[in-house]
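# Structural description and commentary
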Amino acid sequence: MKLLAVAALALVLAGCGGSEEKAATLDSVGLKRELMTWEAVKDVAISENGTSIWVGVIDNGNQRRGYAMSVCEAVREFNAAEGDFHVIRIIDVVQAARNDETVELGKYNCKT
């Protein structure tokens, strides 16, 4: 999906996944499976080391920081270690699909 391509590009451009970054102990498969059951979620991308999470939704005009906080709670359920750090970004999936553009609707720095 285009969201995954946008997320991969964002990782490269942002320098995420560098050797200095501690890998999170996240059950990425389980988390993605859970998030895809949420009504508003259209796509999910998780960086290889689990520290960056993009959740694609349709923009309804609302700021989505609270939604990112809810995703953080789900991350905590699928994380094996306390103290891991994840950046959760809620992005407009329509803009990502149409224009390969990441429009951030909400963001939350999540510590487990």
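Our subject is the structure that appears above.
Here is a short report on the structure shown in this document. For clarity, every value in this text was computed on a predicted model and none was experimentally measured.

The 4 strands lie next to each other as S1-S2-S3-S4, forming an open sheet whose pairing is mixed. In the strand order of this sheet, the two ends are held by strand S1 (41-46) and strand S4 (104-111), each with one partner. Averaged over all pairs of adjacent strands, the angle between strand axes in this sheet comes to 15°, irrespective of strand direction. Across the sheet, helix H2 (residues 28-35) lies against S1 and strand S2 (52-57), angled at about 165° from S1, the strand it touches most. Here helix H3 (residues 65-77) sits on the sheet and contacts S1, S2, strand S3 (85-92) and S4; the angle it forms with S4, its principal contact strand, is near 35°.

Moving on, we get to the pattern of salt bridges. The final tally for this structure, using the stated rule, is 2 salt bridges. A salt bridge links Arg76 to Glu73; the shortest N-O distance between them is 2.4 Å. Taken together, the positions of Arg76 and Glu73, both in helix H3 and 3 residues apart, correspond to about one turn of that helix. Relative accessible area serves as the criterion here: at 34%, Arg76 is assigned to the partly exposed category. Arg89 is paired through a salt bridge with Glu104; the nearest N and O atoms lie 3.4 Å apart. Of the two residues, Arg89 sits in strand S3 while Glu104 sits in strand S4, which places them 15 residues apart along the sequence. Owing to a relative accessible area of 18%, Arg89 belongs among the buried residues under this scheme. The partly exposed category is assigned to Glu104, whose relative accessible area is 40%.

Regular strands place their side chains on alternate faces of the sheet. For S3, the buried fraction is high: 7 of the 8 residues fall into the buried class. Strand direction decides the pairing type here: S2 and S3, joined by 6 bridges, are parallel. When the bridges of S3 are listed, Ile53 appears paired with Ile88. Bridging between S3 and S4 involves 7 bridges; their strand directions are antiparallel. Its bridge partner lying in S4, Phe85 is registered against Lys111.

Calculation criteria
Every chain begins its residue count from 1, and numbering advances along the sequence as written. Residue-level local features of this predicted model are given only where pLDDT is at least 70; pairs of side-chain atoms are given and counted only at 80 or more, and the full residue set underlies all totals for whole chains, interfaces and linings. The side-chain figures draw on all heavy atoms in the structure; neither hydrogens nor water molecules are used. A pair of strands is treated as paired once DSSP finds two or more bridges between them. Labels follow the DSSP assignment, with helices taken as runs of H or I lasting at least four residues and strands as runs of E lasting at least two, numbered in each case from the N terminus. In this analysis, axes come from line fits to C-alpha atoms, helices being fitted only over the stretch in contact, and the angle between any two N-to-C directions falls in the range 0 to 180 degrees. What makes two residues a contact is simply this: any of their non-hydrogen atoms within 4.5 Å. The rule for a salt bridge is simple: a side-chain nitrogen of Lys or Arg has to be within 4 Å of a carboxyl oxygen of Asp or Glu. Only protein chains enter the accessibility calculation, which uses a 1.4 Å probe; a residue is then buried when its area is under 20% of its type maximum, exposed when over 50%, and partly exposed in between.

As far as function goes, none of this settles anything; it's purely spatial.
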